[in-house]
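Residue-level listing of the chains:
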Amino acid sequence: MSEYQPAACYLPHAAPMVLVERVIMVSDEEAHCQVRISPDGVLAPFLTPEGALPAWFGIEIIAQTIGIWSGWHGRKQQQQAPRPGMLLGGRGYRCQQAQFPAGSVLDVRVSLLMRDEKMGSFDGVITIDGNTWASGRLNTYQPDEQELQQIMQQDIQE
């Protein structure tokens with residue numbers, strides 16, 4: 001039995017925006033998650049008619065794996081509920097194909113490169129059957145509660 005909860009427990013998202021299914025491992029500097037591309041899985045709403053997943057979803061899947069890393073640490077260290085984070089940007093995201101194939105299992109790994117209180121930089125890799133399909137570096141920001149309230153107020157006013 002896994003020591004980890006389902007991926008959604010570590011993210012501030014709700015279905016259908018949770019794009020990762022299983023948490024395999026989280027450590028101080030890494031996370032490993034999986035998601036299957038299938039018509040009855042979490043990615044079903046986003047699949048092409050042929051059952052494949054467009055490659056650009058890989059950026060969000062890597063970002064959510066970073067979110068799981070953050071959410072797991074927040075739960076473990078401070079018993080916090082998952083907090084929203086922001087993707088500031090990506091660098092060098094490349095995918096071998098235009099789509100991830102139907103029926104495949106995406107193995108997603110992220111490695112922490114740099115982190116301070118609010119910002120982080122991670123390398124992410126998506127493999128299928130041990131072969132690299134996508135990779136890139138993502139930079140993230142996690143606002144504190146006051147900043148989050150300001151952002152939410154701006155959204156309401158606009």
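Residues numbered from 1 in each chain as written. Predicted model: local features only at pLDDT ≥ 70, side-chain atom pairs only at ≥ 80, totals over all residues. Heavy atoms only, no water.

Caption draft 1: The arrangement of the overall build of the protein in detail. Assigned secondary structure in the protein consists of two helices and eight strands. Relative to its length of 158 residues, the protein is compact, with a C-alpha radius of gyration of 16 Å against a globular reference of 15 Å. Summarising its shape, the C-alpha atoms of the protein cover approximately 45 × 40 × 30 Å along the three principal directions. Residues classed as buried in the protein amount to 41% of the 158 residues present. Intrachain contacts of the protein at a sequence separation of at least 6 include 62% that bridge at least 24 residues. Split by element, the accessible area of the protein, about 9,100 Å² in all, is 50% carbon and sulfur. (Helix = DSSP H or I, 4+ residues; strand = E, 2+ residues; numbered from the N terminus. Rg over C-alpha atoms; globule rule 2.2 N^0.38 Å. Buried < 20%, exposed > 50% of the residue type's maximum accessible area, 1.4 Å probe, protein only. Contact = heavy atoms within 4.5 Å. Areas by Shrake-Rupley, 256 points an atom, 1.4 Å probe, with all protein chains shown as cover.)

Caption draft 2: Spotlight on the nonpolar core. By size, the foremost hydrophobic cluster in this structure holds 36 residues, and its most contacted members are Val23, Leu43, Leu53, Ile61, Ile68, Phe100 and Leu106. Looking at this core, the elements that each hand over two or more residues are strand 1 (22-26), strand 2 (30-36), helix 1 (57-78), strand 6 (105-115), strand 7 (119-128) and strand 8 (131-141). With eight residues, helix 1 is the largest single contributor of residues to this core. Once residues within four sequence positions are removed from consideration, leucine 43 is found in contact with Leu19, Val35, Arg36, Ile37, Leu53 and Ile61. (Core = buried A, V, L, I, M, F, W, Y, C linked by side-chain atoms within 4.5 Å.)

Caption draft 3: Structural view of the sheet that holds strand 8. Read across the open sheet, the six strands follow the order 1-2-6-7-8-4; overall the sheet is antiparallel. The open sheet has two free edges, formed respectively by strand 1 and strand 4 (86-95), since each of these has just one partner strand. Sheet twist, expressed as the average angle between the axes of neighbouring strands with direction ignored, equals 20°. Sheet topology note: the strand 7/strand 8 ladder contains 10 bridges and is antiparallel. The residue bridging methionine 119 from the neighbouring strand is tyrosine 141, located in strand 8. (Pairing = 2+ DSSP bridges. Axes fitted to C-alpha atoms, helices over the stretch in contact; angles between N-to-C directions.)

Caption draft 4: Local environment of the side chain of glutamine 34. Looking at the element boundaries, glutamine 34 is found in strand 2. In this structure glutamine 34 comes out as buried when scored by relative accessible area, which is 16%. Reaching out from glutamine 34, the side chain makes a polar contact with the side chain of aspartate 107 at a distance of 2.8 Å. Discounting residues that sit within four places of it in the chain, glutamine 34 has contacts with Val20, Glu21, Arg22, Ile24, Val105, Leu106 and Asp107. (Polar contact = N/O pair within 3.5 Å; in protein donor to acceptor, adjacent residues only side chain to side chain.)

Caption draft 5: Quick look at the packing of aromatic side chains. Summed over all chains, the structure comprises five aromatic pairs. Look at phenylalanine 46 and phenylalanine 57: their rings are 5.1 Å apart centre to centre, the planes differ by 45°, and that puts the pair in the tilted class. Highlighted residues: phenylalanine 46 in the loop between strand 2 and strand 3 (53-54) and phenylalanine 57 in helix 1, separated in sequence by 11 residues. Phenylalanine 57 carries the same exposure label as phenylalanine 46, and that label is buried. Aromatic side chains phenylalanine 100 and tryptophan 133 sit 6.4 Å apart centroid to centroid with 40° between the ring planes, which places their arrangement in the tilted category. (Phe/Tyr/Trp six-rings, centres within 6.5 Å; stacked < 30°, edge-to-face > 60°.)

Caption draft 6: Focus on the pairing of strand 7. Taken across its 10 residues, strand 7 has seven buried, putting it largely inside the fold. Where strand 6 lies against strand 7, eight bridges are found, and the strand directions are antiparallel. Bridging across to strand 7, valine 108 finds its partner in isoleucine 126. In this structure, the hairpin formed by strand 6 and strand 7 is closed by a connection of three residues.

Caption draft 7: Representation of a nonpolar patch on the surface. Residues Leu88, Leu113, Met114 and Met119 make up a contiguous nonpolar surface patch of about 360 Å² in total accessible area. With respect to the helices and strands, the residue leucine 88 is situated in strand 4. (Patch = residues over 30% accessible without salt bridge, like charges linked within 9 Å, V, L, I, M, F, W, Y side chains within 5 Å. Salt bridge = Lys/Arg side-chain N within 4 Å of Asp/Glu carboxyl O.)

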